[in-house]
Amino acid sequence: MKAKATLKQIAKELNVSVSTVSKALNDSPEISEQTKIKIKEYAKLKNYKPNVIGLNLKNRKTKTIGVIIPNILNSFFAKVFSGIEKVADNNGYNVIMCISNESLEKEAHTLEMLSNGTIDGFVLSISEEAQKEHEYNHFKEIISEGTPIVLFDRTTDELDCDKVIVDDFDSALDSTQYLINSGCKNIALISTIDNLSIGKLRLEGYLQALKNNNLPINENIILRTDSSDGLNEKVEAIYANNTIDGVFALAEDDSVAALKFGLKKGLSIPDELSIIGFADGILASRRLSPSLTTVSQHGVEIGEVAAQLLIDRLESKEDHLPYQTKVIKTKLKERESTR
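Notes on the structure in this doc start here. What you are looking at is a predicted structure, and each value in this text was computed from that prediction instead of being measured. (Residues numbered from 1 in each chain as written. Predicted model: local features only at pLDDT ≥ 70, side-chain atom pairs only at ≥ 80, totals over all residues. Heavy atoms only, no water.)

1. Points about the sheet that holds strand β12 (residues 331-333)
Right, so step 1: Strand order in the open sheet made by the 6 strands is β7-β6-β8-β9-β10-β12, with mixed pairing throughout. Looking at the sheet topology across the chains shown, the edges are occupied by β7 (222-224) and β12. Going across the sheet, the axis of each strand differs from the next one's by a mean of 15 degrees, ignoring polarity.
Right, so step 2: Against the sheet, helix α8 (residues 168-181) engages β6 (187-191), β8 (246-249), β9 (274-277), β10 (293-296) and β12, with an angle of about 165 degrees to β8. (Pairing = 2+ DSSP bridges. Helix = DSSP H or I, 4+ residues; strand = E, 2+ residues; numbered from the N terminus. Axes fitted to C-alpha atoms, helices over the stretch in contact; angles between N-to-C directions. Contact = heavy atoms within 4.5 Å.)

Put into structure tokens, the structure is as follows:
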């Protein structure tokens, strides 16, 4: 039996948008007669048959939300998902969760698979590889087809959609200022998320705090990388070759490494070395000694707000509902690693 073509396949072959194909097959007056004929003839040739995953996708409700997270082992994403699921359940929606594993290819494949009639909209955080490559066409295609997306945490100005973020810049500025106020003058920064939008914003906040206090920017104690590979060796080298009395760590692995090698060097924490981490998982609060002072991102709240934004859009009767960006304020949780 000859395989049936899909709207996306027809659009790709004819070098037009999926929206154009859909409108042409529905005899929309927005499409020229010449284009309609061309698309209809090609669709017939390719054995295209409209069905539930076809032309009326926008008007068909599955009451299902697709969630794509970059990393299931990250406690922050687990908290966000729990918030999404809570709001979805309260509104009669089901949730399908997929993991991109930071892969652009897997992220794009998952979007295509789920948008083919399985879900009504997406809540997602962009993969590291997509942000590194600045590749967002797979999201733009989904949005252009009429499937709404809500981005959280990792976002980009290149996409017109609803977004939920935390105040990364202000949080980093305030955290660094906290260290300065406690007497720190040589504050190292450790980042393994330099490719990510959140990493860049946190770096800017750290640098701004130093400038605000007329402290020199010492590149020798600023560790910026896009991977945890070799992190221990790099952190140990910074400690061995520089005098550091404070550390601002941008991710959980960074926080652990900062604490580990501070203790290894024989520094008293927090009297000789104060550490703040941008992560508030179980590891930071319960399993490390001394416990880490952290920036709490309120992951559950982020998930709740993101899910509600998506559901409000899905159930709105307005055709052009303005996009919103919601900012969730973080909170510094003081523990034993700071004075």
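2. Looking at the packing of aromatic side chains
Right, so step 1: Counted according to the given criterion, the structure contains 3 aromatic pairs.
Right, so step 2: Here the aromatic rings of F77 and F152 are separated by 6.1 Å at their centres, their planes lie at 65 degrees, and the arrangement is edge-to-face. Of the two residues, F77 is situated in helix α4 (residues 75-90) and F152 in strand β4 (residues 149-152); the sequence distance between them amounts to 75 residues.
Right, so step 3: A residue is classified by how much of its surface remains accessible, and F77, at 1% relative accessible area, is buried. (Phe/Tyr/Trp six-rings, centres within 6.5 Å; stacked < 30°, edge-to-face > 60°. Buried < 20%, exposed > 50% of the residue type's maximum accessible area, 1.4 Å probe, protein only.)

3. A few points about the state of the cysteines
Right, so step 1: All chains considered together, the criterion is met by 0 disulfides.
Right, so step 2: The thiol of C98 is unpaired, and the distance to the nearest cysteine sulfur, on C161, comes to 18 Å.
Right, so step 3: Under the relative-accessibility criterion, C98 is labelled buried at 15%. (Disulfide = S-S within 2.5 Å.)

4. Here we look at the nonpolar core
Inside soluble globular proteins, nonpolar side chains tend to come together where they are buried.
Right, so step 1: I65, V67, V123, V150, F152, V164 and I302 are the most contacted members of the largest nonpolar core, which has 24 residues in total.
Right, so step 2: Of all elements in the fold, only β1 (64-69), α4, β4, β5 (162-166) and α13 (299-315) reach the threshold of two or more residues within this core.
Right, so step 3: Setting aside its immediate chain neighbours within four residues, V150 contacts F122, V123, L124, D162, V164, A306, L309 and L310.
Right, so step 4: If you look at the next biggest cluster of nonpolar residues, it comprises 22 residues, including L179, I187, L203 and F278. (Core = buried A, V, L, I, M, F, W, Y, C linked by side-chain atoms within 4.5 Å.)

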